[in-house]
Structure formats: C-alpha cells, structure tokens
Amino acid sequence: MEGRAPRDRLRGVVQDGRAPPIPPFLQRPVRGTGSGLRATGECAQGLPAPASRGSSPPGPRRTPGAMRALSGLLGARAPTPRLLLLLQCLLATARPGSADDSAPDSPFTSPPVREEMLEKYSNFSLENHNISLTEHSSMPVEKNITLERASNIKLTCQFTTSGDLNAVNVTWKKDDELLENNYLVNATGSTLYTQYRFTIMNSKQMGSYSCFFQEEKEQKGTFNFKVPELHGKNKPLISYVGDSTVLTCKCQNCVPLNWTWYHSNGSVQVPVGVQMNKYVINETYANETKLKIKQLLEEDGGSYWCRALFQLGESEGHIELVVLSYLVPLKPFFAIVAEVVLLVAIILLCEKYTQKNKKHSDEGREFEQIEQLKSDDSNGIENNVPRLRKNESTGQ
Amino acid sequence: MAKVNRTRSTSPPDGGWGWMIVAGCFLVTICTRAVTRCISIFFVEFQTYFTQDYAQTAWIHSIVDCVTMLCAPLGSVVSNHLSCQVGIMLGGLLASTGFILGSFATSLKHLYLTLGVLTGLGFALCYSPAIAMVGKYFNRRKALAYGIAMSGSGIGTFILAPVVQLLIEQFSWRGALLILGGFVLNLCVCGALMRPITLKEDHATPEQNYVCRTQKEDLKRVSPYSSLTKEWAQTCLCCCLQQEYRFLLMSDFVVLAISVLFMAYGCSPLFVYLVPYALSVGVSHQQAAFLMSILGVIDIIGNITFGWLTNRRCLKNYHYICYLFAVGMDGFCYLCLPMLQSLPLLVPFSCTFGYFDGAYVTLIPVVTAEIVGTTSLSSALGVVYFLHAVPYLVSPPIAGWLVDTTGSYTAAFLLCGFSMIFSSVLLGFARLVKRMRKTQLQFIAKESDPKLQLWTNGAVAYSVTRELDQKHGESVATAMPGYSPT
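Everything quoted here is computed from the prediction, not taken from an experiment.

Undergrad: How do you make sense of the overall build of chain B when you look at a structure like this?
TA: Helix and strand counts for chain B come out as 19 helices and 0 strands. The buried share of chain B, taken over its 486 residues, is 49%. In chain B, of all internal contacts separated by at least 6 residues, the share reaching a separation of at least 24 is 83%. Summed over all atoms, the accessible surface of chain B reaches about 23,500 Å², with 66% contributed by carbon and sulfur.

Undergrad: Looking at this model, I keep getting lost on the interface of chain B and chain A. Mind explaining?
TA: How big an interface is tends to be expressed through the accessible area that disappears when the partners come together. Every contact between the two is made by 29 residues of chain B and, on the other side, 30 residues of chain A. A buried area of about 2,500 Å², summed over both sides, lies between chain B and chain A, and 64% of it is on carbon and sulfur atoms. Between Lys 235 of chain A and Glu 169 of chain B there is a salt bridge, and its shortest N-O distance comes to 3.3 Å. If you look at where chain B meets chain A, you find 5 residue pairs in polar contact (both at pLDDT 80 or more). Looking at the side of chain B that touches chain A, the elements that each hand over two or more residues are helix 5 (84-102), helix 7 (142-184) and helix 8 (187-193) of chain B.

Undergrad: What am I meant to see in the packing of helix 13 (residues 285-309) of chain B against helix 15 (residues 343-372) of chain B here?
TA: For any two helices packed against each other, the geometry comes down to the angle between their axes and how far apart the axes lie. Residues and elements named next belong to chain B. Interaxial distance between helix 13 and helix 15 falls to 7 Å at its minimum, and their mutual angle equals 35 degrees. The handedness of the crossing between helix 13 and helix 15 is right-handed. Of the residues in the contact of helix 13 with helix 15, the class split is 15 nonpolar, 9 polar and 2 charged.

Undergrad: Before we go on, may I ask you to explain the confidence of the model for chain A in this structure?
TA: All names here are of chain A. Taken over all residues, the pLDDT of chain A has a mean of 71, while the share at 70 or more is 62%. When pLDDT is averaged over each element of chain A, strand 10 (residues 237-240) comes out on top at 91 and helix 1 (residues 6-16) at the bottom at 39. Counting contacts from residues 1-79, a segment whose pLDDT is below 50, to residues more than four positions away or on other chains yields 124 contacts. Here residues 96-116 scores under 50 on pLDDT; set against residues more than four positions off or in separate chains, the count is 32 contacts.

Undergrad: Is there a simple way to think about the sheet that holds strand 7 (residues 191-200) of chain A in this case?
TA: Strand pairing in a sheet relies on backbone hydrogen bonds, with the paired strands running either antiparallel or parallel. Residue and element names in this part refer to chain A. Strand order in this open sheet of 4 strands is 1-3-7-6, and the pairing throughout is mixed. Bordering the open sheet on either side are strand 1 (125-134) and strand 6 (183-188), each of which pairs with just one other strand. Put simply, the sheet's adjacent strands are angled 20 degrees from each other on average, direction ignored. Note that strand 1 and strand 3 (residues 151-160) share 10 bridges and pair parallel. Its bridge partner lying in strand 3, His 129 is registered against Leu 155.

Undergrad: I'm lost on the sheet that holds strand 15 (residues 288-293) of chain A in this one. Help?
TA: All names here are of chain A. Spatial strand order, 11-15-14: 3 strands in an open sheet with antiparallel pairing. Edge positions in the sheet fall to strand 11 (245-250) and strand 14 (279-282), since each of these pairs with one other strand and no more. Direction aside, neighbouring strands of the sheet carry axes that sit 15 degrees apart on average. Two elements, strand 11 and strand 15, share 6 bridges in a ladder whose sense is antiparallel. Bridge pairing in strand 15 places Lys 250 opposite Glu 288.

Undergrad: Can you walk me through helix 7 of chain B in this structure?
TA: Structural remark: α-helix, 3.6 residues per turn; residues separated by three or four positions point the same way. Residue and element names in this part refer to chain B. Between its first and last C-alpha, helix 7 extends only 27 Å over 43 residues, short of the 63 Å set by a 1.5 Å rise per residue. Its axis deflected by about 120 degrees at Ser 172, helix 7 carries its strongest bend there. Within helix 7, 31 of the 43 residues are buried, which leaves it mostly tucked inside the rest of the structure.

Undergrad: What should I look at first to understand the state of the cysteines in this one?
TA: Disulfides are covalent bonds that link the sulfur atoms of two cysteine residues. Under the criterion given, the structure shown has 3 disulfides over all chains. Between the sulfur of Cys 157 of chain A and that of Cys 211 of chain A lies a disulfide, 1.8 Å long from S to S. Across the disulfide from Cys 157 of chain A to Cys 211 of chain A, rotation about the S-S bond amounts to roughly -90 degrees, and the bridge is consequently left-handed. Taken as a pair, Cys 157 of chain A in strand 3 and Cys 211 of chain A in strand 8 (residues 208-214) lie far apart in primary sequence, 54 residues in all. Each member of the pair, Cys 157 of chain A together with Cys 211 of chain A, is buried. A disulfide bridge connects Cys 249 of chain A with Cys 306 of chain A, and the sulfur atoms are separated by 1.6 Å. Since a negative S-S torsion denotes a left-handed disulfide, the Cys 249 of chain A-Cys 306 of chain A link at about -55 degrees is left-handed. Note that Cys 249 of chain A is positioned in strand 11 and Cys 306 of chain A in strand 16 (residues 302-310), a separation of 57 residues in sequence. For the unlinked cysteine Cys 190 of chain B, the closest cysteine sulfur is that of Cys 31 of chain B, found at 5.6 Å.

Undergrad: Explain the packing of helix 12 (residues 269-280) of chain B against helix 16 (residues 377-406) of chain B here, please?
TA: Taken N-terminus to C-terminus, the directions of helix 12 of chain B and helix 16 of chain B make an angle of 35 degrees; their axes are 9 Å apart at the nearest point. Facing helix 12 of chain B, whose interface residues are Pro 269, Val 272 and Tyr 273 of chain B, helix 16 of chain B presents Ser 395, Pro 396, Ala 399 and Gly 400 of chain B.

Undergrad: Before we go on, may I ask you to explain unusual backbone geometry in this structure?
TA: Peptide bonds are, in most cases, trans, and in most cases residues other than glycine have a negative phi. Not every positive phi belongs to a glycine, and Asn 253 of chain A is a case in point at roughly 60 degrees. Within the fold, Asn 253 of chain A resides in the loop between strand 11 and strand 12 (258-264).

Undergrad: Please clarify how a nonpolar patch on the surface should be interpreted in this entry.
TA: All names here are of chain B. Among the surface-exposed residues, Leu 70, Phe 386, Val 390, Leu 393, Val 394, Ile 398, Trp 401 and Leu 415 lie close enough to one another that they form a single nonpolar patch of about 670 Å² accessible area. It is helix 16 that provides the largest number of residues to the nonpolar patch, a total of 6 residues. Within the secondary structure, Trp 401 sits in helix 16. A relative accessible area of 54% places Trp 401 in the exposed class.

Undergrad: Help me understand the packing of aromatic side chains, please; the structure alone is not making it clear to me.
TA: Each aromatic ring pair is described using two quantities: the centre-to-centre distance and the angle formed by the ring planes. Evaluation of the coordinates by the stated rule reveals 32 aromatic pairs over all chains. Seen from their ring centres, Tyr 209 of chain A and Phe 225 of chain A are 5.7 Å apart, and the 85 degrees between their planes marks the pair as edge-to-face. Note that Tyr 209 of chain A is positioned in strand 8 and Phe 225 of chain A in strand 9 (residues 218-226), a separation of 16 residues in sequence. In this structure, Tyr 209 of chain A and Phe 225 of chain A share a single accessibility class: buried. Joined through ring pairs, the aromatic side chains of Tyr 273, Tyr 277, Tyr 334, Phe 349, Phe 353, Tyr 409 and Phe 413 of chain B make up one cluster. Against the face of Tyr 262 of chain A rests Arg 307 of chain A, its NZ or CZ located 4.4 Å from the ring centre. The residue whose ring lies beneath Arg 33 of chain B is Tyr 127 of chain B, and the NZ or CZ to ring-centre distance is 5.7 Å.

Undergrad: Would you take a moment to explain the pattern of salt bridges for this structure?
TA: Think of it this way: side chains of opposite charge can pair up when their charged atoms draw near. Residue and element names in this part refer to chain A. In the structure shown here, the tally under the stated rule is 11 salt bridges over all chains. With a closest N to O distance of 4.0 Å, Lys 250 and Glu 288 form a salt bridge. Of the two residues, Lys 250 sits in strand 11 while Glu 288 sits in strand 15, which places them 38 residues apart along the sequence. Note on Glu 288: relative accessible area 8%, which makes it buried. A cluster of three or more residues bridged by salt bridges with shared partners is formed by Lys 250, Glu 288 and Lys 290.

So, how was this worked out
Within every chain, residues take consecutive numbers counted from 1 along the sequence as written. Starting at A for chains and at 1 for ligands, labels are handed out in the order in which the entities are written. Totals for whole chains, interfaces and linings use every residue, but because this is a predicted model, local features are given only for residues with pLDDT of at least 70 and side-chain atom pairs only at 80 or more, for both listing and counting. Side-chain measures were taken over the full set of non-hydrogen atoms in the model, leaving aside hydrogen atoms and water. For the purposes of this entry, the term helix denotes a DSSP run of H or I that reaches at least four residues, the term strand denotes a run of E that reaches at least two, and both are numbered from the N terminus. When accessible area is computed with a 1.4 Å probe and restricted to protein chains, residues below 20% of their type maximum are described as buried, those above 50% as exposed, and intermediate ones as partly exposed. Contact between two residues is taken to exist if any of their heavy atoms lie within 4.5 Å; hydrogens are not considered. The method behind every accessible area is Shrake-Rupley, applied with a 1.4 Å probe, and residues are considered shielded solely by the protein chains displayed. Two parts placed together each lose some accessible area; with a 1.4 Å probe, that loss summed over both constitutes the buried area. A pairing counts as a salt bridge when a side-chain nitrogen of Lys or Arg comes within 4 Å of a carboxyl oxygen of Asp or Glu. The definition of a polar contact used here is a pair of N or O atoms within 3.5 Å, where within protein one atom must be able to donate a hydrogen and the other to accept one, and adjacent residues in sequence count solely through side-chain atom pairs. Interaxial angles span 0 to 180 degrees and are taken between N-to-C directions of axes, which are lines fitted to C-alpha atoms, for helices over the stretch in contact. Crossing handedness is read from the near helix: turned anticlockwise from the far helix by less than a right angle, it gives a left-handed crossing, and turned clockwise, a right-handed one. Each residue is assigned to one of three groups, with Ala, Val, Leu, Ile, Met, Phe, Trp, Tyr, Cys and Pro labelled nonpolar, Asp, Glu, Lys and Arg labelled charged, and all others, Gly among them, labelled polar. How sure the predictor is of each residue is captured by pLDDT, a score from 0 to 100. Pairing between strands is defined by DSSP: at least two bridges between the two strands are required. In a helix, the anticipated span is given by 1.5 Å times the number of residues less one. What the bend at a residue measures is the angle between two axes, fitted to the seven residues ending there and to the seven starting there. Put simply, a disulfide is two cysteine sulfurs that come within 2.5 Å. The patches reported here contain residues having more than 30% relative accessible area and no salt bridge. Joining distances are 9 Å for like charges and 5 Å for nonpolar side chains (Val, Leu, Ile, Met, Phe, Trp, Tyr). Within 6.5 Å between ring centres, the rings of Phe, Tyr and Trp (the latter by its six-membered ring) count as paired, and their orientation is classed by plane angle as stacked under 30 degrees, edge-to-face over 60, tilted in between. Two conditions define a charge sitting above a ring: the NZ of Lys or the CZ of Arg must be within 6 Å of the ring centre, and it must be within 35 degrees of the ring normal.

Below is the structure:
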C-alpha cells in the first residue's frame, strides 16, 4: 500500500473487493473550503466497508440501507457499485454539514436514512484532537484522551515537510490494525492534513488510533483513548481493632454509572456485601463512594478495590487497609514514660545530693565560725572586727 | 545551740545551673508552643474520621491557644504558692492526660474537652513559670538566655511537624496522639530541673512578708474554729494577692499592658493570612509554603541573634528601645505588604517580618522584668500572656471579615500595621514623658545644690548638710507632689 498514489490506491482497493476509498476528484478539495472536506468525510463514512473488520467504524451498518435507498431511487435495475458510490458521494456533497463548518448550498436533498442515522449520533458530543508532526520529529508523538461516554471523534494529524507532499503515504491504524477508509487527506502549502472521523460507542472501540506519514522515515502520531482513571492512595490506611474506618474512592471530573467494592485478602477478590452491622456504603455525590467498615477485626485488613463502571469501560482504584492492635503504639509510649520517670528520678536525686552537700558545708562553716569566735574571745575587739568581716564575705 | 534556718539569698548566677534552666525552658517551649502548632496537622485526619468540615476541627487549635493564654495567671499563682517544680510537673501530667484521653475520643466534642481544655490548662501551668524562672537565674545575659529559650517554639515546629506526620502515617491519629502524650510528659523532666533560687530582691519588703507570714501562722493556730478560719483565710488571701499583684498599679506596667494588647492584635493574622494573600497575588502553592518556612526559620534566627545582640555592651541598657524598634518594624512591614505583589518582593518581607517577630518575642520577658523586677516577674508574665489571649482569639476573624467585605487584604493588613505601630509609639511616648519628668526634677534639684556643696567638707559639716538635706527634701516634697526619688 505504501508509496502508491491515491488514485492507484483507490483502484487497487476496489479490485480487491474491499471498501473503496474516496473518489480522487473529491480527495483534494479547493483550499479553504472546509465544507468540501466535510462532504468527503461524510461520503467516506457512508461508503461500504467489509464486515470482516470488527474494529472499523460503523460503516457496514449504514451501507446496506444506503445502497438499498439509492437503488430504490435509481430504479429497479441495480447499478454498478462504482456508479452507486459516485452518486452517493454527489448526494453527500450536496448535504449540509452536521457540525460547526459552514454548509455548502446545494440543490440536492440527502437520503432520509442517512439523516436518521446521523441524527442518532448527533446527540453525542464531538471531540476534536490534533497532532502536529514534522519530517524532523525524532520521537512518535502521543496524546492521551479520557472518555467516559459515547462521542463522535474527529482526529486530525498534520505533517509539515519540505519535500514533495504527493510522495507522502498517509495511513491510519487502530492498535496495529490498518484502517482502510473514512479518512481524508488535504494539502495546504507545505502541510499535509489528514482527518479521521468515527464514533466511539462501546469499550471495544477504545484503544490507540495512530496516523502514519511515510516519506523516507515513518512519522507516527498516536491518540490513546482511555476511561478516566481512579487514583488510589499510595499509603496504607491504618486503623485499630474494634474501631471503624472509612474508605473513599473519588473520581475527578467524571461521573461513573455504578460503583462496586471488592475485598481481597490474598489473591481472591470477593465482592463486599452490604451487611447491616458491618458495611455501610455511602454515595452522596455521584463522583465518589465511601465504604464505612465498623467493628474492625484483624482479618478485615488487606486490599480493597473500588470499581467504577462507565459506558465505555471500567476503572479500578486500590486502597490498602492495615488493622493494628492497641499494643502496637503502647510500646513506644511506655518507652517514653520509662525514660521520663528515669530522668526525673536522676534529676531530683542530684538535687537532693547537692543540697545535702551544701548543708554539710554550711554546718561545717558555721562550726568553724563558732570555734573562731570562741578562740578570739581572748583577743581584742580590733582583731575580731576584720576577721568577722572576712568570714562573712567568704560565708556568702 | 539552736539551728538557724538560713535561706541563702544570692544574686542571679548568670551561668552554672542557669544554663540547665535555659535548657529546661527550651524544652518547655517545644512541648507547649510547638506541639500546639502541630495539632493542626491532625485536622485532615479528624475531618475524614468524624466527617466534619474544617471550621469545626479548627476550633481545637483555637481552644488550646486560648486556654493556654487565659490560664497563664493561674500558672504563675500555682508556681508561686506551691513551687515552680511542682507547678510545672502538675502541668505536664495534665497535658499528657489530655492527649491520652484524646486518643480514645469518639466524637469531636470529646476532643474539644480533652485535647482543647485539659491540654491547654496543662500548658498554661508550665509556660509562664518556666519563662519567669529563666529571668531569676540571669541578669546580665538575660536577653541571650531568653533568646535561646524562646527559640524552642520555632525549632520545635520545624522538627516536630515531619515527626508528627510520620507518626500519623505509622500509627494513625489515635496512636500518634498517644505517643505525643508521652512526649509531652517530658514537661515533668523540665519541671524537675527548675531548682528554686532565693534572690536578694525577695527580701526587699520584709514588712509585708512578715505580716502575711504571721497571718499564716495565726491561721494554723486557730484552725479548730471554723468561722474564724474563713475570715483569716480571706484576709490572708487578699493580703497575699495584693502583695503579689501590686505591680498592676504601676503606671509603667499599665502602659506595657495596653501596648501588648495592640501588639498581640497585630501580630497574629499574618500567620493565618500570608498564604492566602500570596496565592491571591499569583504565587503558587509550593512557593507560598516556602514563604511560611522562611518565616519560621528566620523567626528562630531572630530569637537567638537579637538576644545576643541586645546583650552587647552598646545595647545593654536599651532593651526597651530595641523592643520598641522591633515592634515598630513589624508594623512598618505590614504597611508595606499590600504593595508587594510578587514572589521576589514577598521573600524579603518574610525575612524581615520573621526576624523582628522573633526579636520582640525574646524581649517581652526582658522588658517586663525591667519594669516589675524579678520577684513579681512570674505573676507579671502571667498577666502579660493573659493579655495575649483575647487579641489572638479575636484578631484573625476580624481580619477575615474585613477581607470578605472589602474584597482585598489591604484593609486588614493596614489595620494590623497601625495597631503595632501604635503599640510601639505608645511605649516610646510613655518613656519620653518619664524622661522629661526626670530632667525637670533634676533641674530643680540642681538649683538647690550650691548651698549644700559649701557644707560637704568634714564629718561635722556632713551632719549639718544632712539636716539641711532633710529639710530641703521635705520642702521639695511639698512643692511637687509627684516627686519620688528613683
């Protein structure tokens, strides 16, 4: 497939019996007319795709009806597939666009079945995502997109190169499976634009969609579609035997359809039933769930999983619960109390010891003074006075 | 020979066992102020466990802070009448019991009572006696000793915050409260360190002491007669309280009290509103937290260096003016704050404010001791910290109301800035008035000097001049009723 011109690609695919891509005259529309692009997109969506490809967008469902309607319009004789396709595309270009782009004015009316199908999907929101690549991009560019409900998707890849734009081969893949149709290519100046439109309605359609630009090197841009993730806590929740605890699971900016709780002590996951005395599930807000566990026992410890169910898949969060007995914090507590008692005892004993020493030295000094006074009695008054004074000063 | 009970009265040692007292006071500030600040780390856990909102859980911190400050006079009364050691040990036991009972709490009301009231009461019994004790042991190096002792709150918060977080992760909040209760029991160790010391100043007014003591002895003798004991008890209590709190009538102390009210009103909202203000001017969460850490660390540096600085010879006699200056600079920083709208401007603000915040906290006990003297320091500190309580409680909500009504932080910060500047200006004004009075009296005294000088030669002349002095003293006293020789 690589290296072929778009015209060749078209012919080759038709010969193989697979869904024909966009007719060549519609592939490179006039610059600036977004409506032209839109029309070809719709045309691409309406074209039949082989039923064997499970991952392809819901083209197959549409095409039998479209074919029947067209055959009805054209008469009893079933026209050749190619002519039918041509007419279909002409009608598609005449139809006004369903989204923001300006609608072309056309005298044709669109087939009623097509209207109905498009109306069904126009309830969904439209998501636009872009990736820019250049010929010098060394690493593949990835974009992560979170989706919770069914929506219409429009993915655009743009490729800037100095070389010849015609020589670039553009392909789209979903999870390494090639997507054949429903994408269009547009060139403006030195930039090549390719666009892929489809609708995501169930979890099978989620995954990675990639656009490839093949020149000398292959440049890749990937859009990863995932359901919103639940962020679990890294640190375990600690509680005590006989106490109660609350496990919380929260989803930012998303509203799951349903929440379920599982408990695994080991490897088996057991759903948490709502036993009146033990478990209480509280869901006041739609984006969070709280599991309250009362009368904790040691067996209640382990891993708890909260599962959020979305339209497009499931997401899981993990909380670890550890149940301790009261003896665990008591050990450091008693260690500290013992240290305090020891220190207080040491300090008070030291104080008593120094006080006793002081008292002894005091008594000793008093005794000395009394002795000196007795001995000084015999001497004159003049000798006493200076001595007493000296004793007083040393005594203090 | 009868033994004479000699109470050895000394001068403040300025060292020796004094450094153990400083270490004890350092540990007391860690166990009281730092632990109070770390209680707010438990709030997230309380919110999830008791399913209450932030406002309900924040009451715990307010109750502890308020009770600690309101019951500070009770702490000084207990330590004066029993003994500093017994008072602080009792406080340690109470606070520890509060934490231990709190770990078994089943509702937020239980936590208000145990963690709030009981622990706050325990802290109150420890805080002001410990600080007063440092003042008794130091005279020349008082500011440095206080700087080291008060730095405990900053260093303690710095160390305890990650430790408490770790404890909560390992043992959940119940186990963490239990272990924190054990840690707070170390207050008993600090209490044991506070050896009593009797200073010379304690015998300054022997008459009143004698009256109180004789009344106490009489009380013991007439104990069988119940009606008389009540009367005696009341008069004794009145007499003792009167003697202890006579500093309340000093004009200097009244001025200090009023200025402390305004200063406490101004200083508390910054710690609550700096982070929201920084976020409102466009600073990120991490940078705002960084500002708070700078504030904390520079607070510690301010404590110690300002204490050391004001002990230098050039500033030794100017503690009052240094305190004025620190409070005034803080007020000035507040006034500049509404103009600082980016991170490079807020960092120097944090540094300056933190430094002077640590500075004036160190100098509060020093200035109080200078005004009331060392004997009444314990009771005076109790009153000063009591005056902190109501502004601490009232100021952040008023600032919050101003922010909500005006829509910006300017009004709240300007009010706090003016409050602090008013506090410092009031003190400066009072000191100025006092000095003017002194110079006036000195001037009058100098006028009468020449007559005296003629008579100061020789012992005989001395006695004559003394008589003349007395006469002159009397005449001077009658001429100016406000004169009192200082």
